[in-house]
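# Examination of the molecular architecture
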2 protein chains.
Amino acid sequence: MWMEIDLQSDVPIYTQLVDQLIEGIASAQLKPGDPLPSVRSLAADLGINLHTVNKAYQILKQDGFLQVHRKQGVVVQPGGMPGADAAFRAKLERGIRSLAAEAAVRGMTEAEFAERSAAVYRQLMSKGEDAK
Amino acid sequence: MWMEIDLQSDVPIYTQLVDQLIEGIASAQLKPGDPLPSVRSLAADLGINLHTVNKAYQILKQDGFLQVHRKQGVVVQPGGMPGADAAFRAKLERGIRSLAAEAAVRGMTEAEFAERSAAVYRQLMSKGEDAK
DNA sequence: GTTTCTGTTATACTTATTATATAACAGATA
DNA sequence: TATCTGTTATATAATAAGTATAACAGAAAC
């Protein structure tokens, strides 16, 4: 599996999993309907606990990014991803504001900040250009 | 004082303080040399503990956004803010990537995402247009 | 010089979060 | 029936966050 975990990081393991899975979907490395490893096997692969993986899966299921069947296991949402609703827009604005404020204080202009945002978005999407 | 704290939020109080102070500096509501309330008075104002405020001040001092004198108390860094060094750029990239990935999955285009970033930056800066 | 304010440091304690460890249950498949 | 799946339930340990007191030392004001 292509996932990597940093046990020394200050960001929780389940958050790292959530982030990487969303990035995988965004870049189309994970396509709708694609199967994901079982909570037990992924936990074993990464050398972490079953519940840590399950917590990440639960969050993504709750947000509508994953679907769960009884025996097939976990799959990437086949029937259309959730849109940019009010809750997400609020979360997005908070996140951007925090980053933009420090960037501004450190001398980055609005244009630089916006360009950086576009560049990171672009780079992220280009990871899945080989259609996997 | 213009600070507000949400005790019900999942983001730590000291982080909320750090964010709001950086936003205040970014928007020039707090200008270089401006005095900040003492850890005791601000804690009393917000109904929180002295150490929670002190933790926020320590972080901002460590990053070079604040200066501390013995009796004058805490002031906004008078001698030029730190620049966008490698550490910050890495932190910025991580933060943007996480937000950009979810935005992309939810259907936001690169242009929309970049525009949103610019808009939030702009709105943030406009808060201090009345020169305080 | 004493008082008073400042940041700072040191303990101690409570609470919440994160992560792990086992165990068991129920649906689905071979 | 045996095996794999997600799921749930406990329990425990480690860390982070927040609070509560107390005390120290520098600096300014009386």
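Values in this document were obtained by computation on a predicted structure and should not be read as measured data. (Residues numbered from 1 in each chain as written. Chains lettered and ligands numbered in written order. Predicted model: local features only at pLDDT ≥ 70, side-chain atom pairs only at ≥ 80, totals over all residues. Heavy atoms only, no water.)

## Notes on the sheet that holds strand β2 (residues 66–69) of chain B
All names here are of chain B. One open sheet accounts for three strands, arranged β1-β3-β2; its pairing is antiparallel. Every interior strand has two partners, whereas the edge strands, β1 (35–36) and β2, have only one. Sheet topology note: the β2/strand β3 (residues 73–76) ladder contains four bridges and is antiparallel. Bridging from a neighbouring strand, Q67 pairs with V75 of β3. (Pairing = 2+ DSSP bridges. Helix = DSSP H or I, 4+ residues; strand = E, 2+ residues; numbered from the N terminus.)

## A closer look at the protein's contact with DNA strand D
Neighbouring DNA strand D are 24 residues; H51(A), Q58(A), K71(A), I13(B) and H51(B) lie closest to it. Within 4 Å of the protein, the atoms of DNA strand D are drawn from sugar and phosphate moieties in a proportion of 61%. Here a phosphate oxygen of DNA strand D and a side-chain polar atom of Q58(A) are 2.6 Å apart. Between R40(B) and DNA strand D, the recorded distance is 3.2 Å, taken from a side-chain N or O atom to a base nitrogen. When residues of the surface near DNA strand D are traced back to their parent elements, those giving at least two are α2 (39–46), α3 (50–62) and β3 (73–76) of chain A together with α1 (13–26) and α3 (50–62) of chain B. Considered class by class, the residues forming the surface near DNA strand D number seven nonpolar, nine polar and eight charged. (Near = heavy atom within 4 Å. Polar contact = N/O pair within 3.5 Å; in protein donor to acceptor, adjacent residues only side chain to side chain. Nonpolar A, V, L, I, M, F, W, Y, C, P; charged D, E, K, R; others polar.)

## So, the pattern of salt bridges
Here the structure, examined in full by the defined rule, presents 14 salt bridges over all chains. Between R106(B) and E102(B) there is a salt bridge, and its shortest N-O distance comes to 3.0 Å. Taken as a pair, R106(B) and E102(B) share a single burial class, namely buried. Each of E23(A), R116(A), E93(B) and R97(B) takes part in one network of salt bridges that share partners. (Salt bridge = Lys/Arg side-chain N within 4 Å of Asp/Glu carboxyl O. Buried < 20%, exposed > 50% of the residue type's maximum accessible area, 1.4 Å probe, protein only.)

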